[in-house]
Amino acid sequence: LGVLVNNVSLRRAEVIAGATASLDIVSNGRAVLGLGAGAAPKTYFAAEFDALDIPIPTPMERRHELLLESLDKIRAVWRGAHDRGVRLPKPISEVPTIIGLNSTTLAAKAAARGCGINVRANHPDLEAIGGNADPSLGQWAASVWLHYIPDLFYVDHPMFRRYADLGITRIMLMTTEHDDLLTL
């Protein structure tokens, strides 16, 4: 259970840490932490920044730095480094962490920090990005997201074989349409 991508440019790491730990507690250890560096300017996901009148950190390398800094802060909160007289919630289990990304550079950094990777299913560099995944993370090593397609309910769909061959262990379906939700 969890958010696929918490945009660290819009949410404080300490708040994400507390919310995810609380979710882990109430779900009896089933929380998953999803983090992302934030959208590039003029993309579909940049609308969130625009709606909140928050400037998008640039360049991309700065967004990546903010993401890795946030990951470090979240883990520090969970270790108790920030309690200072206030007991902040801690997860009851090790929370798998997934980094939503679009580059091989960030994929390598995520895997080096023990994080799974999540990338758009039709990304032109999917194979190269997925090649950075750490298979020792098991089911959370590498995942893709794509817009909901009803045909994906058939286990013999050719996309499943392609993703499995690339080492993808999980497919996340994104939908914004009410009717799609009714068919799930």
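Residues numbered from 1 in each chain as written. Predicted model: local features only at pLDDT ≥ 70, side-chain atom pairs only at ≥ 80, totals over all residues. Heavy atoms only, no water.

Draft legend 1. Highlighting the sheet that holds strand S2 (residues 33-36). Pairing is parallel in the open sheet, where six strands are placed in the order S1-S2-S3-S4-S5-S6. With partners counted over all chains shown, the strands left at the sheet margins are strand S1 (6-7) and strand S6 (170-174), one partner each. Inspection of the sheet shows S2 paired to strand S3 (residues 97-100) by four bridges, in the parallel sense. Across the sheet, Leu35 pairs through a bridge with Ile99, a residue of S3. Of the strands in this sheet, S2 and S3 are in contact with helix H3 (residues 60-79), which crosses S2 at around 150 degrees. (Pairing = 2+ DSSP bridges. Helix = DSSP H or I, 4+ residues; strand = E, 2+ residues; numbered from the N terminus. Contact = heavy atoms within 4.5 Å. Axes fitted to C-alpha atoms, helices over the stretch in contact; angles between N-to-C directions.)

Draft legend 2. Representation of a nonpolar patch on the surface in the model. A cluster of nonpolar side chains, contributed by Ile25, Val26 and Ile92, occupies part of the molecular surface with about 300 Å² of accessible area. Within the secondary structure, Val26 is located in helix H1 (residues 13-26). Residue classification places Val26 among the exposed positions, given a relative accessible area of 69%. (Patch = residues over 30% accessible without salt bridge, like charges linked within 9 Å, V, L, I, M, F, W, Y side chains within 5 Å. Areas by Shrake-Rupley, 256 points an atom, 1.4 Å probe, with all protein chains shown as cover. Salt bridge = Lys/Arg side-chain N within 4 Å of Asp/Glu carboxyl O. Buried < 20%, exposed > 50% of the residue type's maximum accessible area, 1.4 Å probe, protein only.)

Draft legend 3. Local environment of the pattern of salt bridges. For the structure on display, the rule yields six salt bridges. One salt bridge in this structure joins Arg12 and Glu14, with 3.3 Å as the shortest N-O distance. The exposure class assigned to Arg12 is exposed, which follows from its relative accessible area of 59%. For Glu14, a relative accessible area of 26% translates into the label partly exposed. A salt bridge links Arg161 to Asp165; the nearest nitrogen and oxygen atoms lie 3.2 Å apart. Here Arg161 and its partner Asp165 are both found in helix H6 (residues 158-165), four residues apart, which amounts to about one turn of the helix. We note that Arg161, like Asp165, is exposed. Salt bridges here are not isolated pairs; linked through shared partners, they connect Arg62, Glu65 and Glu69.

Draft legend 4. Structural view of the pairing of strand S5 (residues 142-147). Buried residues dominate S5, accounting for five of its six residues. Pairing of strand S4 (residues 116-120) with S5 involves four bridges; the strand directions are parallel. Considered in S5, the bridge of Arg120 is made with Trp145. Both S5 and S6 contribute to a ladder of five bridges, which runs parallel. Looking at the pairing, Ser143 lines up with Arg170 of S6. Traced from S5 through H6 to S6, the parallel crossover comes out right-handed. (Right-handed = clockwise from strand over helix to strand, strands pointing away.)

Draft legend 5. Focus on the packing of aromatic side chains. Tallied over the full model, the rule gives two aromatic pairs. Considering the side-chain rings of Tyr44 and Phe45, the 4.9 Å spacing of their centres and the 85 degrees angle between planes classify their relative orientation as edge-to-face. Tyr44 gets classed as exposed once you look at its relative accessible area, which sits at 60%. By relative accessible area, which is 41% here, Phe45 ends up partly exposed. Put simply, the rings of Tyr44, Phe45 and Trp145 touch in pairs and so form one group of aromatic residues. In this arrangement the basic side chain of Arg170 is found over the ring face of Trp140, its NZ or CZ atom lying 3.9 Å from the centre. (Phe/Tyr/Trp six-rings, centres within 6.5 Å; stacked < 30°, edge-to-face > 60°. Lys NZ or Arg CZ within 6 Å of the ring centre and 35° of its normal.)

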